[in-house]
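Descriptive structure summary
The primary structure of each chain is shown beneath.
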Amino acid sequence: MVASAFLPELWTEILIPVCAVIGIAFSLFQWFIVSRVKLTSDLGASSSGGPNNGKNGYGDYLIEEEEGVNDQSVVAKCAEIQTAISEGATSFLFTEYKYVGVFMVFFAGIIFVFLGSVEGFSTDSKPCTYEKERTCKPALATAAFSTIAFVLGAVTSVLSGFLGMKIATYANARTTLEARKGVGKAFIVAFRSGAVMGFLLAASGLLVLYITINVFKIYYGDDWEGLFEAITGYGLGGSSMALFGRVGGGIYTKAADVGADLVGKIERNIPEDDPRNPAVIADNVGDNVGDIAGMGSDLFGSYAEASCAALVVASISSFGINHDFTAMCYPLLISSMGILVCLITTLFATDFFEIKAVKEIEPALKNQLIISTVIMTVGIAVVSWVGLPTSFTIFNFGTQKVVKNWQLFLCVCVGLWAGLIIGFVTEYYTSNAYSPVQDVADSCRTGAATNVIFGLALGYKSVIIPIFAIAISIFVSFSFAAMYGVAVAALGMLSTIATGLAIDAYGPISDNAGGIAEMAGMSHRIRERTDALDAAGNTTAAIGKGFAIGSAALVSLALFGAFVSRAGIHTVDVLTPKVIIGLLVGAMLPYWFSAMTMKSVGSAALKMVEEVRRQFNTIPGLMEGTAKPDYATCVKISTDASIKEMIPPGCLVMLTPLIVGFFFGVETLSGVLAGSLVSGVQIAISASNTGGAWDNAKKYIEAGVSEHAKSLGPKGSEPHKAAVIGDTIGDPLKDTSGPSLNILIKLMAVDKEKTCFC
C-alpha cells in the first residue's frame, strides 16, 4: 500500500479555490488602483484619498504643465482616441467570436460523435482500461463530458482574451496621462494593468478547472480514469480558441502595422502613430486583439493542456488507483502556489521599488522573472513535501515506475528554471541593450538587404540555447518521472504565468500609450517616455513568446506520451516506412502553416497599402493636417481580411490528425506529431526572435541614445529606412506565424490524443 500525501484532502479542497479567489481579488484591486487615474484634466479628480495617495503619482503635480500638455482639449483627445481603439477592438472580437462560436459548436459535435461511436454509443458500463477488475463509465458518458469540458475550455479561453483586451484598452490612455508626471508613474499604471490580466487569467483558469473536476466527480465517483480522460477536453477547447485568436488577431494587427509603416514612414516620411496616417487606429486596435487577446488565450491553452496531461497520466498511476485526491491535485497545487508567489513578486515592481529613470525599466521587468523563479522554487518544495507521498508510482508505457517526491520536485524545478533561461536568452537576442540587436542595426548602413541577412542569422542562432534548455528539461523530467515528469515540468515553466502575462501585456499597453500621445499632439518629451516603455515592452513580449513556445514543446511531448500510451504503442520505430512518412509530413506542416499565415498578412497588407495611398492622394489637406483620414475603412480592411484568412490555417491544424489517423493509422500519426513538434519549435523561436530583433534595431536607431545609434539616425535617414523595412518584414514573423506555431504544436498533440480515443 502506497502512503498518502501529508496534506489532508479537506485542506486541498479548501486551499485550491481560496488561492484562485485571492488571485481574482488581487486583480480587481489592481484594476481599482488603475481606475483612479481619471481621463480628465481635473487634477483633483485623481488625487483623492485612498490607498497609495501621494505615491505612484496620484497626487503629483504635472511636470509638463509649462508645455501646455494639461490643456483640456489634449486630455479630451486622449479619451476620444482610447474610445475609438476600444470600440474597434471590441467590434472585431465580437465579429471573430461569431465565427469561432460556429466552429466551437461544430467541433463539439464532432468530438461527441467520434468519442460516442467508439462502442456504438453504448450506455453500458465497461471494464477499465488499466484496472480490469474495476468497472468504468460507458463511452457515451466520456463523449458527453468531454464535449462539455471542451465547451468550458473554449468559453474560458475566449473570456480570457476578451477581458485582457478590455483591460488593456482601459489602461492605454491612462498610461499616456501618467507619463506627464514621469516615466515611473506611467510604468506602474501599465504594469498594474498587465497584472490585472495575468492574475485574472491564471486564477479563473485554475478555478474553472477545479470546479469542473469536482462537478464531473459527482457522476464518475471512483472512475477517475474516465473522469480525467473527459477533462482533457478542457485543454482542447482552450487551445482551439487560442489558435483562431492568435491567427486572426495576428493577421489583423500586422496588416494594419505593415500598411501604416510602408506608406507613412517610408513613402511619406511621417512619424509612427501620426494621426494623419489612415491606418493608425487599426494599428493600435491590432495591438490589443493580437498581442493581448491572442496571447491571453494562448497561455491559457498552454496552462490547461499541461494540467490535463498531468492529470490524465496521474489518474492511471498510484494517485488515481489509490484515490489520493491531494496527490492527484498536485498540478493544481503548483498553480495555486504560483498565484501566491506572483502576488508577492508583483509588489516588488509596484510598491517596494519605484522606477525613476528610463534605464531602470528593463531591469525592473527582468527582476520580476528572477524573483518569481527564486520564490517559486521554495514554493514548489513546500507543495512537493505536503502534497505528495514520500514514494509513489507513475504510469510509464504499460509499467508502474517508482518515484520519490524529491524527484518530482526536481522535474517541476527543471521546467521552471528552463523557462527563466529561455527568457534571458530571448532578451539577449531581442533587446537593443546588447550586441546582437546593435549589430543588426549597424548592418542597416549598407541597406535593407544586409539588415535582413543579419536578422535571419540572429534568429537562427537564437534557437541553440533554448533547444538545449528544453532538451535537458525533457531528459531530466522523463528520467525521474516518465511522461508525468514532462507534464509537470511544463507546469513548472507556466507556474509563474501571472507574472509572465503581466510583463507581456505591459508591452502592448505601452505601445498604445505612445500612439495615443502622438495622436493627441502631446510633447516630444512625453513621447520619449512612452517610447522607452515600448522598447522594454518589445523585449518582454519576445520573452513571453519564448515561454509560450518552450512550454508548448513540453506540453506537446506530454500529450504525445498520453497518445502513444492510449494507443498501446510502447516505441515508435523511425525505420518503419509509415513513421518516416509521418515524420516528413509532420515536419512540413509548420512550414505550410507559416506560409498560409504569412501570405494572409501580405495580402491584407497589400490592400491596406493601397487604401492608405489612396487617401493620401485623394483627400485634400490630409498631409497638411487640415483634413481627417477615414480610419473606419482601414479598420474594416483588417477585420475582413483576418476573419476570412484565419479559417484555412485553423482547418489545417484541426483536420490533419483526423485525416491521417483515419486513413493511415496510429503509427503514421505518431510520426506526424513528432515531426511537427521538432520542426515547429525551431521555426517558432527563430521567427519570434528575428522579428523582435528587427523591431528593436529600428527603435535603437530612432532613440539615438548612444553615439553609435546617433551615427545611424536620425529618423528618415537611409539606415533608418532600411531598419523600417526589416521591422516590416519581421512583423508577421514575430506577431503572427511565430506565436501561432506553438498553438499548432499543442493542438495537434491534444487533437491526436482525442483521435486515439476514437
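Details of the structure are given in the entry above.
Residues numbered from 1 in each chain as written. Predicted model: local features only at pLDDT ≥ 70, side-chain atom pairs only at ≥ 80, totals over all residues. Heavy atoms only, no water.

Here we come to the overall build of the chain. Check the secondary structure of the chain and you find 21 helices and 4 strands. For 758 residues, the compact-globule estimate of 2.2 N^0.38 gives 27 Å, and the C-alpha radius of gyration of the chain, at 25 Å, lies within 12% of that figure. Over its C-alpha atoms, taken along the principal directions, the chain stretches across nearly 80 × 60 × 45 Å. In the chain, the share of contacts with a sequence separation of at least 24, taken over all contacts with a separation of at least 6, comes to 84%. Of the roughly 25,200 Å² of accessible surface on the chain, 67% is carried by carbon and sulfur atoms. (Helix = DSSP H or I, 4+ residues; strand = E, 2+ residues; numbered from the N terminus. Rg over C-alpha atoms; globule rule 2.2 N^0.38 Å. Contact = heavy atoms within 4.5 Å. Areas by Shrake-Rupley, 256 points an atom, 1.4 Å probe, with all protein chains shown as cover.)

Let us look at the pairing of strand β3 (residues 391-396). Across the 6 residues that make up β3, a large majority, 5, are buried. For β3 and strand β4 (residues 399-404), the ladder comprises 6 bridges, and the chain directions are antiparallel. Note that in β4 the partner of Ser391 across the bridge is Lys404. Counting the residues in the hairpin turn of β3 and β4 gives 2 residues, including Phe397, whose phi is positive at 50 degrees. (Buried < 20%, exposed > 50% of the residue type's maximum accessible area, 1.4 Å probe, protein only. Pairing = 2+ DSSP bridges.)

A separate point is the packing of aromatic side chains. The final tally for this structure, using the stated rule, is 23 aromatic pairs. Judged by centre distance (4.8 Å) and plane angle (70 degrees), the rings of Phe26 and Phe199 are edge-to-face. With Phe26 in helix α1 (residues 9-35) and Phe199 in helix α4 (residues 183-220), this pair connects stretches of sequence that are 173 residues apart. Among the residues examined, Phe26 registers a relative accessible area of 9% and is labelled buried. Judged by centre distance (6.1 Å) and plane angle (80 degrees), the rings of Trp224 and Phe228 are edge-to-face. One end of the pair, Trp224, and the other, Phe228, are both in helix α5 (residues 224-267), 4 residues apart, so they sit about a helical turn from each other. Its relative accessible area of 6% is what places Trp224 among the buried residues. Aromatic rings pair up to connect Phe103, Phe107, Phe150 and Phe244 into one cluster. In this arrangement the basic side chain of Lys137 is found over the ring face of Tyr219, its NZ or CZ atom lying 4.9 Å from the centre. (Phe/Tyr/Trp six-rings, centres within 6.5 Å; stacked < 30°, edge-to-face > 60°. Lys NZ or Arg CZ within 6 Å of the ring centre and 35° of its normal.)

Turning our attention to helix α13 (residues 448-461). Given a rise of 1.5 Å per residue, 14 residues ought to cover 20 Å, and the 20 Å separating the end C-alpha atoms of α13 matches this to within 8%. For α13, the set of buried residues is Asn451, Gly455, Leu458 and Gly459. The buried residues of α13 all sit within an arc of 95 degrees when viewed along its axis, so they share a single face. Across from the buried face of α13, at angles greater than 90 degrees, the exposed residues are Ala449, Ile453, Tyr460 and Lys461. (Expected span 1.5 Å × (residues − 1). Arc of directions from axis to C-beta.)

Take empty space enclosed by the protein next. To locate leftover empty space, one rolls a probe as large as a water molecule over the atoms. Within this structure, the stated rule accounts for 11 cavities of 30 Å³ or more. Estimates place the volume of the largest cavity at around 330 Å³. Asp291, Asp511, Asn538, Asp695 and Lys734 are the residues nearest the centre of the largest cavity, which is lined by 30 residues in total. Only α5, α6 (280-315), α15 (497-519), α16 (524-567), α19 (647-703) and α21 (718-757) provide two or more residues apiece to the lining of the largest cavity. Examining the composition of the lining of the largest cavity, we find that 6 residues originate from one element, α16, more than from any other. Here the residues of the lining of the largest cavity are counted per class, giving 4 nonpolar, 6 polar and 20 charged. (1 Å grid on protein atoms, 1.4 Å probe; cavity = no way out; pocket = protein on both sides within 12 Å on 5 of 7 lines; lining within 4 Å. Points joined across faces, edges and corners; volume = space filled by probe spheres on them. Nonpolar A, V, L, I, M, F, W, Y, C, P; charged D, E, K, R; others polar.)

Worth remembering: the numbers are spatial, not functional.
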